[in-house]
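Summary of the model geometry
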Amino acid sequence: YLRQGLFVPAGIGRGLTEEEKLGKTIFERRDVGCAMCHGDGGDGVAHRIYPWPTRDGFTSEYGEGFKTPNLRFVAHTAPYFHDGSATTLEQLVDEDEDRMGKTSQLDDREKKALVAYLRTL
């Protein structure tokens with residue numbers, strides 16, 4: 001990594017912190033649903049995610065399917081969502097509005113833990 005000028009991925013060479021462990025548990029919870037599509041790297045299947053608001057410059061995509069991306073190094077792949085409208089993982093989790101998993105039920109501590117875990121992938 002050092003010779004190539006690359007960063008060492010967050011999860012390599014250390015165990016998870018207590019906060020990251022909580023985030024992993026939340027990620028894997030069936031009632032939250034993250035791992036149903038993103039578990040084991042992503043299922044690659046096109047899922048209908050709607051209703052999805054569109055930003056200026058994007059045509060309506062109501063009912064369209066989006067392939068589940070692999071979450072490897074997700075902390076370094078911003079912006080997020082199909083239209084790049086979320087610039088941080090925090091914004092992604094806060095503004096999901098239960099279109100990709102059920103994150104609106106999470107309290108602030110749980111959302112923070114989920115983001116901490118996502119940063120380890």
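Okay, so let's go over this structure. The written sequence of each chain sets the order in which its residues are numbered from 1. Totals for whole chains, interfaces and linings use all residues, but because this is a predicted model, local features are given only for residues with pLDDT of at least 70 and pairs of side-chain atoms are given and counted only at 80 or more. Side-chain measures were taken over the full set of non-hydrogen atoms in the model, leaving aside hydrogen atoms and water.

Only buried residues count toward a nonpolar core. Its members are Ala, Val, Leu, Ile, Met, Phe, Trp, Tyr and Cys residues joined through side-chain atoms within 4.5 Å. Summary of the burial criterion: residues with accessible area below 20% of their type's maximum are buried, those above 50% are exposed, and those between are partly exposed, where the area comes from a 1.4 Å probe applied to protein chains only. In this structure, Phe27, Leu89, Leu92, Leu114 and Leu118 are the most contacted members of the largest nonpolar core, which totals 18 residues. Numbering of helices and strands runs from the N terminus, with a helix taken as a DSSP run of H or I at least four residues long and a strand as a DSSP run of E at least two residues long. Among the secondary structure elements, those contributing two or more residues to this core are helix H1 (18-28), helix H3 (89-94) and helix H4 (108-118). Among the elements that line this core, the one with the most residues is H4, at 5 residues. Any pair of residues with heavy atoms lying within 4.5 Å of one another is described as a contacting pair. Ignoring sequence-local partners within four residues, the contact set of Leu114 consists of Gly23, Ile26, Phe27, Cys34, Val93, Thr103 and Leu106.

Salt bridges are defined as contacts in which a side-chain nitrogen from Lys or Arg sits within 4 Å of a carboxyl oxygen from Asp or Glu. Tallied over the full model, the rule gives 6 salt bridges. Salt-bridge contacts for Glu28 lead to Lys24; the nearest nitrogen and oxygen are separated by 2.7 Å. One end of the pair is Glu28 and the other is Lys24, both in helix H1 and 4 residues apart, which spans about a single turn. Overall, the relative accessible area of 45% leaves Glu28 in the partly exposed class. For Lys24, a relative accessible area of 30% puts it in the partly exposed group. Close ionic contact of Asp94 with Lys111 constitutes a salt bridge, the shortest N to O distance being 3.6 Å. Here Lys111 lies in helix H4 and Asp94 lies in helix H3, a separation of 17 residues in the sequence. By sharing partners, the salt bridges in this structure join Arg29, Asp31 and Glu110 into a single network.

Here an axis means a line fitted to C-alpha atoms, over the contact stretch when the element is a helix, while the angle between two N-to-C directions is reported on a 0 to 180 degree scale. Packing of H1 against H4 brings their axes to within 7 Å, and their N-to-C directions diverge by 95°. Here H1 is positioned roughly perpendicular relative to H4, judged by the angle of their axes. When H1 is examined against H4, the residues Glu19, Glu20, Leu22, Gly23, Lys24, Ile26 and Phe27 are found in contact with a partner set consisting of Arg109, Glu110, Lys112, Ala113, Leu114, Ala116, Tyr117 and Leu118. Residues of the contact of H1 with H4, tallied by class, amount to 8 nonpolar, 1 polar and 6 charged. Oblique is the label for every angle not falling under 35 degrees (roughly parallel), over 145 degrees (roughly antiparallel), or within 65 to 115 degrees (roughly perpendicular). By the convention adopted, Pro, Cys, Tyr, Trp, Phe, Met, Ile, Leu, Val and Ala count as nonpolar, Lys, Arg, Asp and Glu as charged, and the other residues, Gly among them, as polar.

Given two aromatic rings, one states the distance between the centres and the angle between the planes to describe the pair. Aromatic contacts are taken between Phe, Tyr and Trp rings whose centres are within 6.5 Å, Trp giving its six-membered ring; a plane angle under 30 degrees counts as stacked, one over 60 as edge-to-face, and the others as tilted. Within the structure shown, the criterion is met by 1 aromatic pair. The interplanar angle of 55° and the centroid separation of 5.5 Å between the aromatic rings of Phe27 and Tyr117 together place this pair among those described as tilted. Here the residue Phe27 occupies a position in helix H1, and Tyr117 occupies one in helix H4, the gap between them amounting to 90 residues. Taking the relative accessible area as the measure of exposure, Phe27 reaches 6% and is therefore buried. Judged by relative accessible area, which is 9%, Tyr117 ranks as buried. Counting as a charge over the ring demands two things of the Lys NZ or Arg CZ atom: a distance within 6 Å of the ring centre and an angle within 35 degrees of the ring normal. Sitting above the plane of the Phe73 ring, Arg72 keeps its charged end 5.9 Å from the centroid.

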